[in-house]
Every structure is written in C-alpha cells, then in structure tokens.
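Commentary on secondary and tertiary structure
Residue strings, one per chain:
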Amino acid sequence: MLRDRAYFKQEIKAWCLLAFCGSLFGLIAPGFEQWYLAWVGLVPLLFCVCQSSYPPQAFYRGLIFGYAYNLVYVGWILQFSPIVWPENIRSLYLVANTSVWILYSLQQGTLFGAFAFLMQWIPLTGGIIAVKERGTWRLPSLLVLPLLWVLIFNKLGNSQGSMALPWSLIEYSQYDFTSFAQIASVIGGIGISAILVMANVMVASLFANILKKDFLKPLSFANKTSKLSSLFFAQCIIFGAIAYGHLHLQDASACAQRSKDKKQSYSILQGNIHFGFNQVNSLDHWNTYMQLAAQSPPGVCIWPEWSMPISISEYPGVFKGMDIKARQNNQDWIVGALDSDSGKKSYNAATIVGVSSDPNKIEVYRKQWLVPFGEYSPRWLLNSPFGGLCGTLTPRREGYKAAEGTTLFTSKHNKIVPLICCELISPELAARGTRAGGGILVDCSNTMWFQTKLLGEQSFAVCAMRAIENHRYFVFGTSIGPSAFIDWHGKILSQAPIDKSCTLTKEIMYDEHLTPFTRWFR
C-alpha cells in the first residue's frame, strides 16, 4: 500500500478514534465502575483491525488503543509517593512517575498491538465454524480471537519471564458483577476474559452483517445458519455462566454450614506508618504494632509487608522474641519481613510466630513474583548501557531474588496460603497453594507507595477474583490502607480506610473443597 499523505491523514484519524475508544474502554477499571463497557468496548478495535491492509498497520492501531486504555486504567501511577525513587531523583518524582506511567502503558499497549497483528494476519470468518474459500481455510473468529487474547494477555505476554505486570486485565472489571463472576470458580479469570472477548466479537459480527462491508469479512457470518448457530452458542455460554453464578450464590448457606466448625478470628494490623519516607523511630514503630496486636482478640494477626524490615535468618532472636509476645496474647502473627540465604541473596519474605508455630524452628515464606524494575532487574539489563536507569528498591543493585516452591503456614491446624504484595495478581500461586491444602489466602502488602483510593479498589477486584477462583476467603492486609476481608464469593465483608492506624477483625471460615479451576489451572 502506498504510504502517501492521504494514507497518513487517514491513519491519524484512525489513531485519534482508537485513542478515544481506548480511553473510554479504560473506564472498565475497578474504581470507575463502568464494567458494562467490557462487553462492547473492543468493537471499535476489531473494526479498525479489519480495515487494516496489512499486519504492521493493524499492530500500530492496536498499540494506540491499548496504550490509551492503560493510561486510564493505571492513572494511579501518577500518584506514586516520592519514596519509591532513589534519593538522587526524589525531587523529580513527578517526572519519574509520569515516565513509569507512559512506559507501563506502552508495554501493555504492545500486547494489544500483537493481538491486532495476529488478528489481521490469520484468515478469519465470522461464527464458530471454519469455512474453506478459494483453497484457504478461514478460521472461526468467535473461537479463535478469545483464545488468541488469553494466550497473549493471560499467559505469554504477561508471564513473569516477560518482565510485565498483568495489572490491567479485563476480567477484573467484572468482580462486582457477582452472578457472572462466580464462573471463575470453574474457568478462572482467564475464562472470564475469553467470554468478554467472545461477546465483543459477537457484537462486531452482528454489526458486520448489517453493514455488509467487504473489509469486515473476517467478522461477517458466511450464511444465516452460521449466524444463528453462533448467536445460540454465545448466548448459551454467557447466560449459562450467569445462571451458574446465581445457583452458586444460592448455595452460600450450604458452604457456610460445611465450614461452620472451621472458623478463626483474623485481625489486620494497619499501622499507618510511612517508614522510609522519613526517619521513623524504631521503638515507636514497634510499639504501634504491639498496641494494635494487644487490642486484637486471640487468633491470627496480619502484620503488613516489611513491617519488620530485617532479615529473619540473620536476626532469629528478634523473631523468637516476637514469638513469645504472640504466645502471651494467645495469637499467631504473620509478619512481613526480609530474609537472606547462605549466598547472601536477599528475599522479600514473611514468617509466622505464635501459639501454633514451632518455637525451635522459624517458618519462612519467600516471595516468588517480584515487581520488574521495582524489586529486581535482570543482570543482563543491569550490565547494559541502561543499567544505571534500573534502580531498585533494595540497597543491593540487583534487587531481590525470586524464590520457588510452595510454602503454607499453619494456625491451629488450619493451612494458610501466604502471598506478598503484588503476588495477588498471580492465579498460579494462589491455585498452587490451595491445591497443596491451603484453606485461606492471606496477602501482606505495603501500600505506602500508592496513596490513592483507585489502587485500593483495583486491589480488591484482584483479591476478589482469586477468592472466587479458589473458593477461599481472602485477607488483604496493608500498611496504610485500604485493607479488607473478602469472602469466597468475592464479596467485600469489611475494609479499613486509607491513612488511618487501626485494626480490622473478622471471623474467617476455612474451606477444604477444591474448585474445578483450582484443580486444572497451572
């Protein structure tokens, strides 16, 4: 295709339209609560991809749409606290925040570009049945595009090895559509994402048949039979998922009855201490959490990530002292801390001390999903010309090391799946811990970097999805809020406000039942 002035003029118009539609689609983010847009908001992108003459053109169109979508979704990045940054650039934190906001949105936007590229490259037809045309098989878009989407966004493009952070996945928009979200216990958030894309493709195909434009052939139904069968198929999937959710919610009393003898009191200790932002007196820090623990009933107390910013292995005496204090309160404490191994590698970690722990052995969980460029940077990048730009939050230049394996904590014979900070975005970790016998999900997080309600709402949405997928209560304990208790149906039972020192206590039920999703997902 000739790239003359008319071509670029047309492309600029298409980019502006896609930027607007992508921004509108970004309002599906929890906190904006426009969840219904997730069912139709991809239609403009699908049309513009079909209108593209070759895959690279489709890639740039997808990139623009995804870039705008993520700029809206993760706008809270602009409110990073200055303490995120090394002291030498802390005065320029607004510039640094804006740079991260742009780069993150661009990185996630490339996934939209990859989706658009492959959609344009693959020969497609509308509906659920492949057709052969002039010797070439055209694959059914209603099946292929949802599968392509989850492959790019949920598996390959946002895997830990890709250096990405899958925060803005579209399935989290549906956490408050509770009757539909319950299907996550069978197909997970990844399946919800596929259903949403399928719904968008179905709407686009119906419009394509009405408009009868040649460029919409990849979405148009081959005949009336294809149209009716595809419509029936999509309706069965969507309404079947909602019907399942209604039945699942009606069964809530049976779930509670099954777990009535497996209850335990949990208390989140939200200290509201901005350690690291200014010099915090260690004694005041200690006394704040000790007072919060003393105000809590017997049970489990959740101390947030880094609430004891020292190495568990290097200072075992400190944690044995905490063990004694917890036993005096008739409590178990899950404490966010640090750890190190014999090779002096550092880990973001948590431990459990108290009445249920072995006084002669300290149990340690080491974080496995690390924040790219925040908690670690790969050595090859650190040794490149860009290495100086890849500062981490740890004193050591290479950051933390990612651990492996499954670790469960035990409190009164009840198994707990520990997670730290952004590990709540990993369905793999939650499902693996649950399969190993975990009866509850607990996340210790340090939220002093992000003083914004929007991030809190999005965190709750992610926690709710993990809770539904595994049919487990989710305890989300943070340093400055918002903290929350979420039940196994994704309902927020109670939450603590931002910037307030307080305890949040709830009686939690354990469950041993494994959902279909927990069993099959890897």
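Just above sits the structure.
These numbers come from a predicted model, not from an experiment.

1. Section: the overall build of the protein chain
Across its full length, the protein chain holds 15 helices and 15 strands. Rg of the C-alpha trace for the protein chain: 25 Å, near the compact-globule value of 24 Å for 522 residues, within the 12% margin. Projected onto its principal axes, the C-alpha coordinates of the protein chain cover approximately 80 × 60 × 40 Å. Across the 522 residues of the protein chain, 56% fall into the buried class. By sequence separation, contacts in the protein chain at least 24 residues apart represent 71% of the contacts at least 6 residues apart. Counting every atom, the protein chain has about 22100 Å² of accessible surface; 61% of that belongs to carbon and sulfur. Counting 43 positive and 32 negative side-chain charges, the protein chain places the centres of these two groups 8 Å from one another.

2. Topic: the packing of aromatic side chains
In this description, a pair of aromatic rings is defined by centroid distance and the angle of the planes. Summed over all chains, the structure comprises 28 aromatic pairs. Residues Tyr289 and Trp303 carry aromatic rings whose centres are separated by 5.2 Å and whose planes lie at 20 degrees to one another, so their mutual orientation is stacked. Placement of Tyr289 in helix H10 (residues 282-294) and of Trp303 in the loop between strand S5 (299-302) and helix H11 (316-328) is noted, with a sequence separation of 14 residues between them. The class for Tyr289 is buried, based on a relative accessible area of 0%. Note that Arg366 overlies the ring of Tyr347, its terminal NZ or CZ placed 4.2 Å from the centroid.

3. Things to note about the sheet that holds strand S9 (residues 409-411)
Across the sheet, which stays open at both edges, the six strands sit in the order S9-S10-S11-S12-S13-S14 with mixed pairing between neighbours. The two strands at the open ends of the sheet, each matched to only one other strand, are S9 and strand S14 (492-495). If you compare each strand with its neighbour and ignore which way they point, the axes differ by 20 degrees on average. Inspection of the sheet shows strand S11 (residues 440-445) paired to strand S12 (residues 474-478) by five bridges, in the parallel sense. Following the sheet pairing, Val442 is matched in S12 by Val475. Sheet strands touched by helix H13 (residues 427-435): strand S10 (414-420) and S11. Its angle to S10, the strand with the most contacts, is close to 165 degrees.

4. Some details on the side chain of Glu171
Within the secondary structure, Glu171 is located in the loop between helix H5 (141-156) and helix H6 (178-181). The buried charged residue Glu171 lacks any salt bridge partner; its closest oppositely charged side chain belongs to Arg466, at an N-O distance of 5.6 Å. Residues within four places of Glu171 in sequence aside, it is in contact with Asn154, Gly189, Ile190, Ile192, Ser193, Leu196 and Met465.

5. Describing the pattern of salt bridges
In the structure shown here, the tally under the stated rule is 10 salt bridges. The residue Lys367 makes a salt bridge to Glu375 at a minimum N-O spacing of 2.7 Å. Lys367 sits in the buried class, given a relative accessible area of 0%. A relative accessible area of 2% places Glu375 in the buried class. Among the ionic pairs, Glu469 bridges to Arg466, the shortest N-O distance being 2.8 Å. In this pair, Glu469 and Arg466 both sit in helix H14 (residues 453-470), three residues apart, roughly one turn of the helix. A single burial state applies to Glu469 and to Arg466, both of which are buried. Connected via shared salt-bridge partners are Glu133, Arg138 and Lys217.

6. Looking at the environment of Phe409
Mapped onto the elements of the fold, Phe409 is located in strand S9. We classify Phe409 as buried; its relative accessible area is 0%. Linking Phe409 and Ser356, residues 53 residues apart in sequence, is a C-alpha distance of 9.4 Å.

7. As for H13
Taken together, the buried positions of H13 are occupied by Pro427, Leu429, Ala430, Ala431, Gly433 and Thr434. After H13 finishes, the residue Gly437 shows a positive phi value of roughly 120 degrees.

8. Some details on helix H1 (residues 5-25)
In this model, H1 (21 residues) spans 30 Å end to end at C-alpha, consistent with the 30 Å of a helix rising 1.5 Å per residue. If you check which residues of H1 are buried, you get Tyr7, Glu11, Ala14, Leu18, Cys21, Gly22 and Phe25. The buried residues of H1 occupy an angular sector of 100 degrees when the element is viewed end-on, so they sit on one face. When the buried face of H1 is taken as reference, the exposed residues oriented beyond 90 degrees from it are Arg5, Lys9, Lys13, Cys16 and Phe20.

9. Details of the pairing of strand S3 (residues 136-140)
Across two bridges, strand S1 (residues 124-125) lies against S3 in parallel orientation. If you follow Thr125 over to S3, its bridge partner there is Pro140. Connecting strand S2 (residues 131-133) to the next strand, S3, in antiparallel fashion are two residues, including Arg134 with a positive phi near 55 degrees.

10. Overview of empty space enclosed by the protein
If you walk through the whole model with that rule in mind, you get three cavities of 30 Å³ or more. A volume near 70 Å³ is recorded for the largest cavity. Forming the walls of the largest cavity are Tyr365, Gln368, Gly405, Thr406, Thr407, Val417, Pro418, Leu419, Leu429, Arg432 and Gly433. Counting only elements with at least two residues in the lining of the largest cavity, the list comes to S10 and H13. Here the lining of the largest cavity is built from residues that sort into five nonpolar, five polar and one charged. The space that makes up the second largest cavity amounts to roughly 60 Å³. Around the second largest cavity, the lining residues are Phe319, Lys320, Asp323, Ile352, Val353, Ser357, Asp358, Pro359, Lys361, Ile362 and Glu363. Breaking the lining of the second largest cavity down by element, the ones donating at least two residues are H11 and strand S7 (346-354). With three residues, the single largest contributor to the lining of the second largest cavity is H11. Looking at side-chain class alone, the lining of the second largest cavity contains five nonpolar, one polar and five charged residues.

Calculation rules
- Residues numbered from 1 in each chain as written.
- Predicted model: local features only at pLDDT ≥ 70, side-chain atom pairs only at ≥ 80, totals over all residues.
- Heavy atoms only, no water.
- Helix = DSSP H or I, 4+ residues; strand = E, 2+ residues; numbered from the N terminus.
- Rg over C-alpha atoms; globule rule 2.2 N^0.38 Å.
- Buried < 20%, exposed > 50% of the residue type's maximum accessible area, 1.4 Å probe, protein only.
- Contact = heavy atoms within 4.5 Å.
- Areas by Shrake-Rupley, 256 points an atom, 1.4 Å probe, with all protein chains shown as cover.
- Lys, Arg positive; Asp, Glu negative; His and termini not counted.
- Charge placed at Lys NZ, Arg CZ, Asp CG, Glu CD.
- Phe/Tyr/Trp six-rings, centres within 6.5 Å; stacked < 30°, edge-to-face > 60°.
- Lys NZ or Arg CZ within 6 Å of the ring centre and 35° of its normal.
- Pairing = 2+ DSSP bridges.
- Axes fitted to C-alpha atoms, helices over the stretch in contact; angles between N-to-C directions.
- Salt bridge = Lys/Arg side-chain N within 4 Å of Asp/Glu carboxyl O.
- Expected span 1.5 Å × (residues − 1).
- Arc of directions from axis to C-beta.
- 1 Å grid on protein atoms, 1.4 Å probe; cavity = no way out; pocket = protein on both sides within 12 Å on 5 of 7 lines; lining within 4 Å.
- Points joined across faces, edges and corners; volume = space filled by probe spheres on them.
- Nonpolar A, V, L, I, M, F, W, Y, C, P; charged D, E, K, R; others polar.

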